[in-house]
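A look at the structure
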Amino acid sequence: MNRILAGAAAFVVIALVAAAWFFRHQSLPSPQPQPQAVVDVAGLAYVGSATCAGCHEAEYASWRTSQHARAMQEASPAAMLANFDDSTFDHAGVRSRFFRDDSGDFKLRTDGPDGTLQDFTVRYTFGVYPLQQYLVEFPRGRLQSLTTAWDTRAQSVGGQRWFHLYSGQDITAGNPLHWTGIDQNWNYQCADCHSTNLRKNYDAATDSFATSWSEINVACEACHGPGEAHVAWADQPGASGEANGLVARLDERRGVTWTIDPASGSASRSSPRDSSLEIEVCARCHARRGQFADDHVAGQPFHDAYRPALIEPGLYWPDGQMRDEVYNYGSFLTSRMAAKGVTCADCHEPHGQKLRAPGNAVCVQCHLAQKFDTPAHHHHQAETAGSQCAACHMPMTTYMVVDPRHDHSFRIPRPDRSVALGVPNACSSCHEDRAASWAAAAVRDWYPQLKPGFQDFAETFAAADLGDGRARPSLLALAEEAAQPAIVRASAIWRLARDPRPDMLPAVRKGLNSPDPSLRVAAAETLAGSDPSLLVTELPRLLGDPIRLVRMTAARTLAGPGESRLDAAQLGQFTAALEEYVAAQRFNADRPEAHGNLGSLHAVRGDAAAAEAEYRAALAIDPLFVPAWVNLADLLRTTGRETEAATTLREGIAVASGNAELHHSLGLSLVRSGETNAALVELEIAARAAPDIARYPYVYAIALHSTGRGEAAIKVLDEALARHPANREMLTALVTINLEAGRKDDALQYLAKLVEAYPNDPEVSQLLQSMR
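This structure is a prediction, so every number in the text was calculated from the model and none was measured. The numbers attached to residues start from 1 for each chain and follow its sequence in the written order. Totals for whole chains, interfaces and linings use every residue, but because this is a predicted model, local features are given only for residues with pLDDT of at least 70 and side-chain atom pairs only at 80 or more, for both listing and counting. Each side-chain value is derived from all of the structure's non-hydrogen atoms; neither hydrogens nor water enter the calculation.

What follows covers the overall build of the protein chain. Only runs of H or I of at least four residues qualify as helices and only runs of E of at least two qualify as strands under DSSP, and these elements are numbered from the N terminus. The number of helices and strands found in the protein chain is 35 helices and 17 strands. Both definitions apply: the radius of gyration is a C-alpha atom measure, and the globule rule equals 2.2 Å times residues to the power 0.38. For the protein chain, whose C-alpha radius of gyration is 28 Å, the value lies close to the compact-globule estimate of 28 Å for 772 residues. C-alpha atoms of the protein chain, sized along the principal axes, occupy 85 × 65 × 65 Å. The buried share among the 772 residues of the protein chain stands at 51%. Contacts are assigned to residue pairs that have any heavy atoms within 4.5 Å of one another. Partitioning the intrachain contacts of the protein chain with sequence separation of at least 6 by distance along the chain shows that 57% fall at a separation of at least 24. Using a 1.4 Å probe, accessible areas were evaluated by the Shrake-Rupley method; residue-level cover was limited to the displayed protein chains. Put simply, the protein chain shows about 34000 Å² of open surface, and 53% of that area lies on carbon and sulfur atoms. When a residue's accessible area, from a 1.4 Å probe over protein chains only, is under 20% of the maximum for its type it is buried; when over 50% it is exposed; and in between it is partly exposed.

Below, the structure is given as structure tokens:
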């Protein structure tokens, strides 16, 4: 999980440096964001769940039966659910054997880091249901997670078997996804969410871990924070009152009632929710996020140690439904439930992890049963699967082969969006033999007046992700609309930044001054590459932001030309914030992404030697980390070493064969060196390998045109336009190339599409005027 986020974070600033030209010499007002409370836990000790049990017997008993209590366990007959009675499993040409030796240890014989069969000892179990994984200890404190797991479901539903988490993929030793590879390392990938008070303790000098925990599982203090002060308070005679020493009080729901409105059938909170504490405590482990510190405890701001993902392509569908393994937090933030003040514990009993009530009963706590739990509403026979609220409003996606999980955006089924946008819908997940158009017609028949649902950004995000300029006005509106969830507004800003123009300024201004840290971060990153005078006008106030991620982002954006304009006081804050940024990368020094981030920082600050060292350190950790090859080559280019840049890219291609980004970069390098024919070969490979990235076919077509192959260029652009129907660069190129070829009628057709997509664009208007 963290790998993808860290990789994206490594290059978001670089991408925006090249894109933020439109902010030069602009100025924005500078009101301060609202500060958030910070919990002081200096010196507080963790006391252990057994201590809590003395006063909280019922909660402790409930927790003992939960998956949290068994999130990680030492390997023992009681904890082991798999068949280690000399069982075998075949995958990718390797037969793995699971057995116990004479001492009773749980063992397996499988392919090791060099691909040869070796014996390994299982030290810990990981998880309980519907699968259990197993951890093997390696030298220097590493624990690796087996990708062969045990299906703990009943045999009657296909369980009680070994299976591979990457079924159908030929993942062998040397691949980062191999069980001995970097992406199956427990210390980085898994540990923080399966134990209490986890400290990774990676030492870059010795390339070793001394990872520690106070309790091996997810215990009381994982959610409530270190309990020393609370226990001291409880030990006082007659202890009472609000000042009870709890680090994370989790009392947002105390005294709150929900009252159902008979007219709408839905409930309202007696007072608005004014804290995100409970949701953020859960988000630490139920969010797709990157981690950059482990000094965080429950009760402190989430963004002080974690960077949550936005609604991005590949992670989410454009309507906000989960796509990749994003867990619950992001989707929930897009929901009407979150907007109305619902928290996780309104529906989930947090100690035993059961629903507050079974089935539809948990929903009718807040939604009138006579209105919603009836065939007149759900149009299915009562007591069938289709009559369940979650079946329609929380459709499931299966992860890890056997683990179906509910989407938490609580959406109205929209099969019409499946027809228009290709997103999933709840109807088709049950009626697999029927087309989405059939489901859309059925819903129209039931509800002639369309019920659009709360997530009204789907069409805008879908169009924007295709490069359709017609989505821009809606993107701007989303980014500025205060009623939209902050994650949606930040995701809109992120999309706007891919095509930067002055019309973004109001949205960026509001983002910089938002009380939500995700919005402040997104807006600060968007300023990367702007004129230094703008940077020093807008960003220094964020250097003292109460949230660490905001401070770090502001410092990283200022680094380079911007920092030279800071006054003495600002420079002190900048230095402190940049040190936090560097510390965040050093925390993840076991990962190539962190070294890539440091390399980019050194590069923008003019230290080419240090940047090169960091890029090479990234590749030493993972030779398949493509961004390090690309950035290293670009660094060599900027320092006048073009031949070395091309050689570097070829070395990368030898390792990551067929990677579009490497071939594209090599093509550009060869163009600069005057090797046109060789460049065309590389650019074509990139365009064919990744046609969904509009830049690759566009650049290939321009290269073809520059060598006098206009017809071939038009063909490439026309093919690419089918995937990117409103791409400004492609349409402009088609207008220009057709004009040069004397085909004015064809040029006018493309110009009409360009004007439709970008009606207010100055460059498009200028092109239109030139053809009149």
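There's plenty left to go through after this.
Throughout this description, the term salt bridge denotes a Lys or Arg side-chain nitrogen within 4 Å of a carboxyl oxygen of Asp or Glu. Per the counting criterion, the structure on display carries 46 salt bridges. Across the pair arginine 140 and aspartate 207 runs a salt bridge whose closest N-O atoms are separated by 3.3 Å. You can see arginine 140 sitting in the loop between strand E6 (131–137) and strand E7 (143–145) and its partner aspartate 207 sitting in the loop between strand E10 (202–203) and strand E11 (208–209), a full 67 residues away along the chain. Here arginine 743 and glutamate 711 are joined by a salt bridge, their closest N and O atoms 2.8 Å apart.

We now examine the state of the cysteines. The criterion for a disulfide is a pair of cysteine sulfur atoms lying within 2.5 Å. Applying the stated rule across the entire model yields zero disulfides. Cysteine 52 carries a free sulfur, and the closest cysteine sulfur to it, the one in cysteine 220, is 3.9 Å from it. Cysteine 427 forms no disulfide, and the closest cysteine sulfur to it belongs to cysteine 392, at a distance of 6.3 Å.

Let us look at the environment of lysine 354. Along the polypeptide, lysine 354 turns up in the loop between helix H10 (344–347) and helix H11 (369–372). Residue contacts for lysine 354: discarding those within four places in its chain leaves Cys347, His348 and Glu349.

Known as pLDDT, the predictor's per-residue confidence is scaled from 0 to 100. Residue-level pLDDT values for the protein chain average 92, and 95% of them are 70 or greater. Residue range residues 1–39 is modelled with pLDDT below 50. Its contacts to residues more than four positions away, or to other chains, number 113 contacts.

Helix packing for two helices is described by the angle between their axes and how far apart those axes are. Working convention: axes come from line fits to C-alpha atoms, limited for helices to the stretch in contact. Angles between N-to-C directions cover 0 to 180 degrees. Viewed as axis vectors pointing N to C, helix H26 (residues 608–621) and helix H27 (residues 626–638) meet at an angle of 155°, and their least axial separation amounts to 9 Å. Relative to H27, H26 is oriented roughly antiparallel. In this structure, the crossing between H26 and H27 has a hand that is left-handed. Across from Ala608, Ala611, Glu612, Tyr615, Arg616, Ala618 and Leu619 in H26, the residues of H27 making contact are Ala628, Trp629, Asn631, Leu632, Leu635 and Leu636. Reported orientations rely on four angle classes, namely roughly parallel under 35 degrees, roughly antiparallel over 145, roughly perpendicular from 65 to 115, and oblique for the rest. Two helices crossing with the near one rotated counterclockwise from the far one by less than a right angle form a left-handed crossing, whereas a clockwise rotation gives a right-handed crossing.

What follows covers the environment of phenylalanine 120. Here phenylalanine 120 lies in strand E5 (residues 117–126). Through-space distance from the C-alpha of phenylalanine 120 to that of leucine 739 is 68 Å; in sequence the pair is 619 residues apart.

Once that is clear, we can look at the packing of aromatic side chains. Within a pair of aromatic rings, the relevant descriptors are the distance that separates the centres and the angle that separates the planes. Only the six-membered ring of Trp is used, alongside the rings of Phe and Tyr, when aromatic pairs are assigned; centres must lie within 6.5 Å, and planes under 30 degrees apart are stacked while those over 60 apart are edge-to-face, with the rest tilted. What the rule picks out here adds up to 18 aromatic pairs. Here the aromatic rings of tyrosine 60 and tryptophan 63 are separated by 5.6 Å at their centres, their planes lie at 45°, and the arrangement is tilted. Of this pair, tyrosine 60 and tryptophan 63 both sit in helix H3 (residues 57–64), three residues apart, which is roughly one turn of the helix. Taken together, a centroid distance of 5.0 Å and an interplanar angle of 90° make the contact between phenylalanine 120 and tryptophan 179 edge-to-face. Of this pair, phenylalanine 120 sits in strand E5 while tryptophan 179 sits in the loop between strand E9 (161–164) and helix H4 (186–189), placing them 59 residues apart in sequence. Relative accessible area serves as the criterion here: at 9%, phenylalanine 120 is assigned to the buried category. Judged by its relative accessible area of 3%, tryptophan 179 is buried. The ring of phenylalanine 99 carries the charged tip of arginine 97 above its face, separated from the ring centre by 4.1 Å. Put simply, a charge is over a ring when the Lys NZ or the Arg CZ is close to the ring centre, within 6 Å, and near the line of the ring normal, within 35 degrees. Note that arginine 495 overlies the ring of phenylalanine 461, its terminal NZ or CZ placed 3.9 Å from the centroid.

If you trace the backbone, arginine 417 turns up in helix H14 (residues 415–421). Within the structure, arginine 417 has its side chain in polar contact with the side chain of glutamate 459 (distance 2.9 Å). Once residues within four sequence positions are removed from consideration, arginine 417 is found in contact with Gly422, Val423, Pro452, Gln455, Asp456, Ala458 and Glu459. N or O atoms closer than or at 3.5 Å make up a polar contact, with two conditions inside protein: a donor-capable atom paired with an acceptor-capable one, and, for residues adjacent in sequence, both atoms drawn from side chains.

Let us now look at the nonpolar core. The nonpolar side chains of a soluble globular protein tend to be buried, and buried together. What we call a nonpolar core is a set of buried Ala, Val, Leu, Ile, Met, Phe, Trp, Tyr and Cys residues that are connected through their side-chain atoms within 4.5 Å. Counting 67 residues, the largest nonpolar core has Phe461, Leu512, Leu539, Leu558 and Phe574 as the members making the most contacts within it. With near-sequence residues (within four places) excluded, leucine 539 lies in contact with Leu512, Ala524, Leu527, Ala554, Thr557 and Leu558. Core analysis: the next-biggest nonpolar cluster, separate from the first, contains 31 residues, Leu704, Met730, Ala747 and Leu751 among them.

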